[in-house]
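Secondary and tertiary structure notes
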Amino acid sequence: MFQFLTALRIDGFPLWVVLLVCAGVFLASFMDAVAGGGGIISVPTHLIAFGNLPAPYALGTNKVSAAIGTCFSTGRFIKNGYVDWKLFGPSILFSLAGSVAGTWLQHRTPDAVLKYMLLVVLPVVAVVTLRNHEWPDEPGEIERRKQLAIVWAAAFLIGGYDGYYGPGTGTFLLIIFIRLAKMDTRHAAGGVKVINLASNVGSLVTQLASGYVFLGVGLIASVASIAGHYIGSGLAIKNGSKIVRPAVIIVLILLTVKVGSELLFPDFWG
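Just so you know, these numbers come straight off a predicted model, no measurement behind them. (Residues numbered from 1 in each chain as written. Predicted model: local features only at pLDDT ≥ 70, side-chain atom pairs only at ≥ 80, totals over all residues. Heavy atoms only, no water.)

**Describing the side chain of Thr-74**
For clarity, the cut-off: We count a stretch as a helix when DSSP gives it H or I for four or more residues in a row; a strand needs E for two or more, and each element gets its number in order from the N terminus. Only heavy atoms matter for contacts: two residues are in contact if any of them lie within 4.5 Å across the pair.
Position of Thr-74 relative to the elements: it lies in helix H4 (residues 55-79). Once you skip the residues sitting within four places of it in the chain, Thr-74 turns out to touch Lys-193, Val-194 and Leu-197.

Laid out in structure tokens, this is it:
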């Protein structure tokens, strides 16, 4: 059996390596569908599996399964009526514009500055999330114009964060949509999926054009991604805040660990 797992290769990688990627992608996709932040698991999985290859190959191949899987979780939210297109149609454009601006800024400032800021901000966000036990399954009262302004501004600013650094983008959007824009958990999650799908597709096109994708590995991992997104989105739609809130806490903790490890072990993260 071991000889089979070693002998059979896909894009030059032994089958056991591809299966390792699939396991990580499934867990990441499940988390991403529920609360965002799946890249915290999937990116390190690809980095470990690809060994000494340049980091862009791990990031590019990860985008294949991420984009395809997100299509399915987004579709479930849309099918169940949990996407407000008047809010989130324009949000896609704001997010893409913010991402371009964030990438421009990244090329001109050291990202360690943002990472040190995150080490201060993330514990505060986690404490606020833990202290507030009410994660609504019904929308709150807010003036429509104010809600539009908050959602579109958040899409631009967090889109900028996504272009500058990235991990936890969906989680931050989810918290803002629920806490500030007074959306219910399911509609907030649906909006996040739409924005994430747009950014994933845009990133995937860029990575494919640059040649940093092992397409065979990415497509096989996409099966695991579809399963994770489908199961995760179903649980989020069915259980709402009961499953989303604790998942957000887990993402914030993992993101804090990731940021700290990047500062301590920068060579591992490329």
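**Brief notes about the nonpolar core**
What counts here: Side-chain atoms within 4.5 Å link the members of a nonpolar core, which is a set of buried Ala, Val, Leu, Ile, Met, Phe, Trp, Tyr and Cys residues. Note on exposure labels: buried denotes an accessible area under 20% of the residue type's maximum, exposed denotes more than 50%, and partly exposed covers the range between, all computed with a 1.4 Å probe on protein chains only.
Core analysis: the largest hydrophobic core is formed by 45 residues, its most contacted members being Phe-172, Leu-174, Phe-177, Met-183 and Leu-252. Counting residues in hydrophobic clusters, the runner-up holds 18 residues, among them Val-17, Ala-49, Ala-55 and Ala-224.

**Brief notes about the pattern of salt bridges**
Quick note on the threshold: Within this document, salt bridges are pairs made up of a side-chain nitrogen of Lys or Arg and a carboxyl oxygen of Asp or Glu, the two lying within 4 Å of each other.
Taken as a whole, this structure holds two salt bridges when the rule is applied. Residues Asp-32 and Lys-193 are paired through a salt bridge, measuring 3.3 Å at the closest nitrogen-oxygen approach. Separated by 161 residues along the polypeptide, Asp-32 in helix H2 (residues 15-35) and Lys-193 in helix H9 (residues 185-210) bring together distant segments of the chain. Accessibility expressed as a relative area gives 2% for Lys-193, which makes it buried. With its nearest N and O atoms 3.1 Å apart, the salt bridge here joins Arg-144 to Asp-84.

**Focus on a nonpolar patch on the surface**
For the record, the criterion: Residues with no salt bridge and a relative accessible area higher than 30% make up the patches, which join like charges within 9 Å and nonpolar side chains (Val, Leu, Ile, Met, Phe, Trp, Tyr) within 5 Å. Using a 1.4 Å probe, the Shrake-Rupley method yields the accessible areas, and only the shown protein chains count as cover for residues.
On the surface, a nonpolar cluster with roughly 300 Å² of combined accessible area is contributed by Trp-16, Leu-20 and Ile-48. Considering the arrangement of structural elements, one finds Leu-20 in helix H2. Here Leu-20 falls in the partly exposed class, since its relative accessible area comes to 36%.

**Thoughts on the packing of helix H10 (residues 215-239) against helix H11 (residues 241-264)**
We apply this condition: To obtain each axis, a line is fitted to C-alpha atoms, and for helices this fit is confined to the stretch in contact; angles are then taken between N-to-C directions over 0 to 180 degrees. Put simply, angles under 35 degrees are roughly parallel, angles over 145 are roughly antiparallel, angles from 65 to 115 are roughly perpendicular, and the rest are oblique. Amino acids are sorted into nonpolar (Ala, Val, Leu, Ile, Met, Phe, Trp, Tyr, Cys and Pro), charged (Asp, Glu, Lys and Arg) and polar (every other residue, Gly among them).
At their nearest, the axes of H10 and H11 sit 6 Å apart, and the two run at 120° to each other. One element, H10, and the other, H11, form an angle in the oblique class. Across the interface between the two elements, Leu-235, Ala-236 and Asn-239 of H10 pack against Ser-241, Lys-242, Ile-243 and Val-244 of H11. A class-by-class count of the residues in the contact of H10 with H11 yields four nonpolar, two polar and one charged.

**As for the packing of aromatic side chains**
To keep it simple, the criterion reads: When two rings of Phe, Tyr or Trp (its six-membered ring) have centres within 6.5 Å they constitute a pair, described as stacked for plane angles under 30 degrees, edge-to-face for angles over 60, and tilted for the intermediate range. We call a charge positioned above a ring when the Lys NZ or Arg CZ atom is no farther than 6 Å from the ring centre and deviates by at most 35 degrees from the ring normal.
A full pass over the atoms with the stated rule returns eight aromatic pairs. Seen from their ring centres, Phe-13 and Phe-214 are 5.0 Å apart, and the 85° between their planes marks the pair as edge-to-face. Taken together, the residues span a long stretch of sequence, with Phe-13 in strand S2 (residues 13-14) and Phe-214 in the loop between H9 and H10 at a distance of 201 residues. The exposure classification of Phe-13 matches that of Phe-214, with both residues buried. A connected cluster of aromatic rings, assembled from ring pairs, spans Phe-13, Phe-50, Tyr-57, Tyr-212 and Phe-214. When the ring centre of Tyr-230 is taken as reference, the NZ or CZ atom of Arg-76 above it lies at 4.0 Å.

**Overview of helix H8 (residues 169-179)**
Where burial is concerned, most of H8 is hidden: nine out of the eleven residues are buried. Among all positions in H8, only Thr-169, Gly-170, Thr-171, Phe-172, Leu-173, Leu-174, Ile-175, Phe-177 and Ile-178 are buried.

**Looking at the confidence of the model for the protein chain**
Heads up, the condition is: By definition, pLDDT measures how confident the predictor is in each residue, and it falls between 0 and 100.
Looking at the protein chain as a whole, its pLDDT mean stands at 84, while 91% of the residues score no less than 70. Least confident of the elements in the protein chain is helix H1 (residues 2-7), whose mean pLDDT is 56; most confident is H10, at 92.

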